[in-house]
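Read off the chains here:
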Amino acid sequence: DQARYAVRALVMALSAGVERFYWYNLVSSGPDPSKREHNFGLVRHPEDPRGPYTPKPAYVALAVAARRLSGARFVGQEPLPDPVYSYRFERDGEPLRVMWVAKRGGAQPGGLEVPLRAGGPLTVTDLYGKTHRLGPQGRDVSLRLSGDPVYVTGPAEVGASSGGFLGALRRLLG
C-alpha cells in the first residue's frame, strides 16, 4: 500500500501547486516488519534480512512517477464520481492522466472498468513502469482501474464514451 499512497500523495500535491515533495524517511528505521515505525522508509534498513538498503516498491513507484510526470503541467482534475480519480497533465503537448479508484464500499475488489473515448491508441503505464497499449474499439476503450495509480497517455476523453458513462458509473457505485 505504501507505493500506491506515495504516488497518490505526489499527484495530489502536484495538482495543488506543491513544488517540492519530501518523504519520511528514505531508509527504514529498523528491520522488524511488525513494528510500524520501522517501515516508513523507501529502502530497507541495513540489517533487514531481505537485503540491506534494497529498494521497496514505493521507491520504484516514485521513480516511475518522476519519469512520467517530469516536465508535465497540471491541467485539472476531471469531475468523476467518487471513488474514481483522474488528474490530467500535459507533457510535451501530449495529454497524460493519472487515474485510480479509491477503496470504498461500492468499489469492486477486482477494480472497476472505466470507459474512455479515444482518438487513437493509448499507452497505459502501471505503478511499477510496465507499459501496454490499448487500441480503441471504434472510439471507445475500456480501462480497468484499481487502487494502484496508472498513467494514461494519448488522445482520450474521460466520461465521454457512448452509452452514458457517468450515469452508468453512478448506478454501479450507487
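Check the entry above for the structure.
No experiment lies behind these values; they were computed from the predicted model shown.

K.L.:
Summarise the overall build of the protein; cite the residues concerned and give the values.
P.N.:
Within the protein, the secondary structure is distributed over three helices and nine strands. Reading the helices (α) and strands (β) of the protein from amino to carboxyl end gives α-α-β-β-β-β-β-β-β-β-β-α. Looking at the protein residue by residue over its 174 residues, the buried ones come to 40%. In the protein, the proportion of contacts linking residues at least 24 apart, taken out of those at least 6 apart, comes to 52%.

K.L.:
Talk me through the sheet that holds strand 7 (residues 140-145); I want residue IDs and the actual numbers.
P.N.:
Reading across the sheet, the three strands line up as 7-4-9 and stay open at both edges, with antiparallel pairing between neighbours. Across the chains shown, the open sheet's two edge strands, defined by having one partner strand only, are strand 7 and strand 9 (156-158). This sheet shows a mean twist of 40° between the axes of neighbouring strands, independent of strand direction. Across three bridges, strand 4 (residues 112-118) lies against strand 9 in antiparallel orientation. Its bridge partner lying in strand 9, Ala-118 is registered against Ala-156.

K.L.:
Please set out the sheet that holds strand 6 (residues 131-134) residue by residue, giving values where relevant.
P.N.:
Ordered by their spatial adjacency, six strands build an open sheet running 1-2-3-8-5-6, and the pairing between neighbours is antiparallel. Across the chains shown, the open sheet's two edge strands, defined by having one partner strand only, are strand 1 (73-77) and strand 6. If you compare each strand with its neighbour and ignore which way they point, the axes differ by 25° on average. Sheet topology places strand 2 (residues 84-91) next to strand 3 (residues 94-101); eight bridges connect them, and they run antiparallel. Counted as the bridge partner of Phe-89 is Leu-96 from strand 3.

K.L.:
Tell me about helix 1 (residues 2-15), residues and numbers included.
P.N.:
Relative to the 20 Å expected for 14 residues at 1.5 Å per residue, helix 1 spans 20 Å between its end C-alpha atoms, a close match to the ideal helical length. Residues of helix 1 that are buried: Ala-3, Ala-6, Val-7, Arg-8, Leu-10, Val-11 and Ala-13. Elements in contact with the buried residues of helix 1: helix 2 (57-69), strand 2, strand 3 and strand 8 (150-153). One or two steps after helix 1, the chain reaches Gly-17, where phi turns positive at roughly 90°.

Thresholds applied
- For every chain, the first residue of the written sequence is number 1, and numbering continues from 1 onward in sequence order.
- In view of the model being predicted, local features appear only for residues whose pLDDT reaches at least 70, and side-chain atom pairs are presented and counted only at 80 or more, with totals across whole chains, interfaces and linings using the full set of residues.
- The side-chain values count all of the structure's non-hydrogen atoms but skip hydrogen atoms and water molecules.
- Runs of H or I in DSSP of at least four residues are treated as helices and runs of E of at least two as strands, each being numbered from the N terminus.
- In this scheme, a residue with accessible area under 20% of its type's maximum is buried, one over 50% is exposed, and one in between is partly exposed, where area comes from a 1.4 Å probe on protein chains only.
- What makes two residues a contact is simply this: any of their non-hydrogen atoms within 4.5 Å.
- Any two strands are treated as partners once DSSP identifies two or more bridges connecting them.
- Whenever a helix is involved, its axis is fitted only over the stretch in contact; in every case the axis is a line through C-alpha atoms, and angles between N-to-C directions fall within 0 to 180 degrees.
- Helix span is expected to be 1.5 Å times the residue number reduced by one.

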